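# Breakdown of the fold
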Amino acid sequence: GLRLASTTARLKTEAEVDTSENEVVAPNFTNRNPRNLEQMALARKERGWKTTWPKREFWHRLRLERTQHYVEAFVERSNGDVVVSASTREWAIKRHLYSPKGVAACKNLGRVMAQRCLEAGINFVNFKAIIPWERHCDSIQEFEKAMQEGGVVLREPRRIYR
Amino acid sequence: AVLWKRAAPLGPMPNEDVDVKNLEVLERYRSFTRYLRQAERESRKPRWWNTYHRHTNPPAEPQTDIGLPREQLSRAKEIKERKRILRENHQNAEMERAARLRTVLIPLDEVRAEWEKTSGPFHKQRVAKHCGVFRDLFKGATFTPWVALRVHYSQEDEHLVPVYYGNMVTPSEASSPPEVSYEADKGSLWTLLLTNPDGHLRDADSEYLHWLVTNIPGSDIKAGKEMCHYLPPFPAMGTGYHRFIFLLFKQHGPIDFSQDARPMPCYSLKMRTFNTFDFYRKHKDAMTPAGLAFFQCQWDSSVTSTFHQLLNMREPVFEFVRPPPYHPPQVKFPRHQPLRYLDRYRDTEEPTYGIY
């Protein structure tokens, strides 16, 4: 009788002691995640650079480089760090293509790049770093269409100021 | 005062190598694209004078590698094999026609499988570095995740939510333990760890341990010893996105984790407070990090039920507080400033008088 009461009382206090300290919460919370502010659209975009081109007002920028031999796509931050990249130089992509340059290569690179961006959690990308008269090229149009069909939005949301 | 004293420059001046006397011999750009590519390449080079890039980015410290050493396969055979495949591709008329008519569609699953074997680990390491995983968990020491870790959260309607490097998963999808699979030799022992470095409600430097399974033989998670049972993610409302990181360690032999054993079930946040750096330093000689997968998680209505039922506490709600706007030190006679200049330095709140 007495023993049972003591064991049940102890079990109850154990469970209570277990979670009783949970309620104590610090008033200020710091989130160390570097991607947190940009995913909440509260991070700063570099707003200067208005007299030069390309501008740096973005969180992630999609840059397509077409050389004589290869096509490469990079998603980078405004300070230049590459986050996700895909290129026809990689063996995984090169073995399925007849030529690592050209419209077909750009299209498939777009599909692969869209998949990698979504896996990395990058859903909004700035695609303004293309030269205006090159934007109407077949290869760049196919790349853009492939990225949009892959699920990446080529327009970054506006920063929340208030 | 610094610029009054003339001295020799500390490095070569830009365009010093261009011979101004003989300009016709120089190669012209002839197209804007070529100029832009060259300009971008030059802007990325490190300079001896102080640049905006150097001012904003702190200099990179030398990274210590704590991962498994790279297995060097015979490179010559691999190159020969690849060249053979490329030659076959070039001789294939169907591929040539498909490329010409732009109907080629690469099998994305095969590309992904090949990528996981070849350049996947490097890409994952790069994304993890930019998400601050190494900085927060290992204080700067990096590793390349050679073992491809496949993590799936299965839902009720047979739907699978995969976890890649930086995915977005909701807490309601992550309420039950996921299915983890990876390639492992028979007889090897592994440790799986799920931490949340961002969610700690009391101390900003420590993490919350959500799942710890040790001494896993091969790739069978159920056979491993569960030191800490699975707790669904609980990012508090208003705090934004939290990272939840899966770490796979390869053990050199059976390790005794009795110090890290938590009571089953453990719903005390104090017991769940964890530091991966200390944990890894304790077992540094017996295990090495081999796999990495992480996802981003935001508040969801299932988090409320986790707080109320499992953790038995009131749910904390946070609000984003903007840092105060910066104003330069106040000057007695400001030049070209409107009347609201005084309002910027006043302690009390004055009503605004329009545009003045």
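Before reading further, recall that the structure is shown in the block above.
What counts and how
- Residues numbered from 1 in each chain as written.
- Chains lettered and ligands numbered in written order.
- Predicted model: local features only at pLDDT ≥ 70, side-chain atom pairs only at ≥ 80, totals over all residues.
- Heavy atoms only, no water.
- Helix = DSSP H or I, 4+ residues; strand = E, 2+ residues; numbered from the N terminus.
- Buried < 20%, exposed > 50% of the residue type's maximum accessible area, 1.4 Å probe, protein only.
- Contact = heavy atoms within 4.5 Å.
- Areas by Shrake-Rupley, 256 points an atom, 1.4 Å probe, with all protein chains shown as cover.
- Rg over C-alpha atoms; globule rule 2.2 N^0.38 Å.
- Lys, Arg positive; Asp, Glu negative; His and termini not counted.
- Charge placed at Lys NZ, Arg CZ, Asp CG, Glu CD.
- Buried area = accessible area lost by both parts, 1.4 Å probe.
- Salt bridge = Lys/Arg side-chain N within 4 Å of Asp/Glu carboxyl O.
- Nonpolar A, V, L, I, M, F, W, Y, C, P; charged D, E, K, R; others polar.
- Pairing = 2+ DSSP bridges.
- Axes fitted to C-alpha atoms, helices over the stretch in contact; angles between N-to-C directions.
- Polar contact = N/O pair within 3.5 Å; in protein donor to acceptor, adjacent residues only side chain to side chain.

Quick look at the overall build of chain A now. When helices and strands are counted, chain A shows five helices and three strands. Listing each helix as α and each strand as β along chain A from the N terminus yields α-α-β-β-β-α-α-α. For chain A, buried positions account for 49% of its 162 residues. Looking at chain A alone, contacts between residues at least 24 apart form 58% of all its contacts between residues at least 6 apart. As displayed, chain A offers around 8700 Å² of accessible surface, 52% of which is attributable to carbon and sulfur atoms.

Of regular secondary structure, chain B possesses 11 helices and 10 strands. Taken over C-alpha atoms, the radius of gyration comes to 28 Å for chain B, far larger than the 21 Å a tight globule of 356 residues would show. Here the C-alpha coordinates of chain B stretch approximately 75 × 75 × 45 Å along the principal axes. The proportion of buried residues among the 356 residues of chain B is 39%. Just so you have it, chain B exposes about 22700 Å², and 54% of that area is on carbon and sulfur atoms. Charge separation in chain B, taken as the distance between the mean sites of 50 positive and 44 negative side-chain charges, equals 8 Å.

On to the interface of chain B and chain A, then. Taken together, the contact between chain B and chain A spans 71 residues of the former and 66 residues of the latter. Counting each side, the surface lost to burial between chain B and chain A is near 6500 Å², with a carbon and sulfur contribution of 54%. It is Arg102(B), Ile106(B) and His130(B) in chain B that bury the most area against chain A; as a group they hold 11% of the surface buried on that side. On the surface where chain B and chain A come into contact, there are five salt bridges. With six residues, the single largest contributor to the side of chain B that touches chain A is helix H5 (residues 108-117) of chain B. Residues that form the side of chain B that touches chain A fall into these classes: 30 nonpolar, 21 polar and 20 charged.

Residues and elements named next belong to chain A. Sheet architecture is open: three strands sit in the order E1-E2-E3, paired in antiparallel fashion. Unpaired on one side and paired on the other, strand E1 (61-66) and strand E3 (82-87) mark the two borders of the sheet. Each strand axis lies, on average, 15° off the axis of its neighbour in the sheet, ignoring direction. Here five bridges tie strand E2 (residues 71-76) to E3, and the two strands are oriented antiparallel to one another. Residue pairing for E3: Glu 72 is matched across the bridge by Ser 87.

In this section: the environment of Asn196(B). All names here are of chain B. Following the sequence through the fold, Asn 196 ends up in strand E5 (residues 189-196). Note on Asn 196: relative accessible area 2%, which makes it buried. Here the alpha-carbon distance between Asn 196 and Ser 31, two residues 165 residues apart in the chain, equals 50 Å. With near-sequence residues (within four places) excluded, Asn 196 lies in contact with Glu 207, Tyr 208, His 210, His 242, Arg 243 and Phe 244. For Asn 196, the side chain forms a polar contact with the main-chain nitrogen of Asp 198, separated by 3.1 Å.

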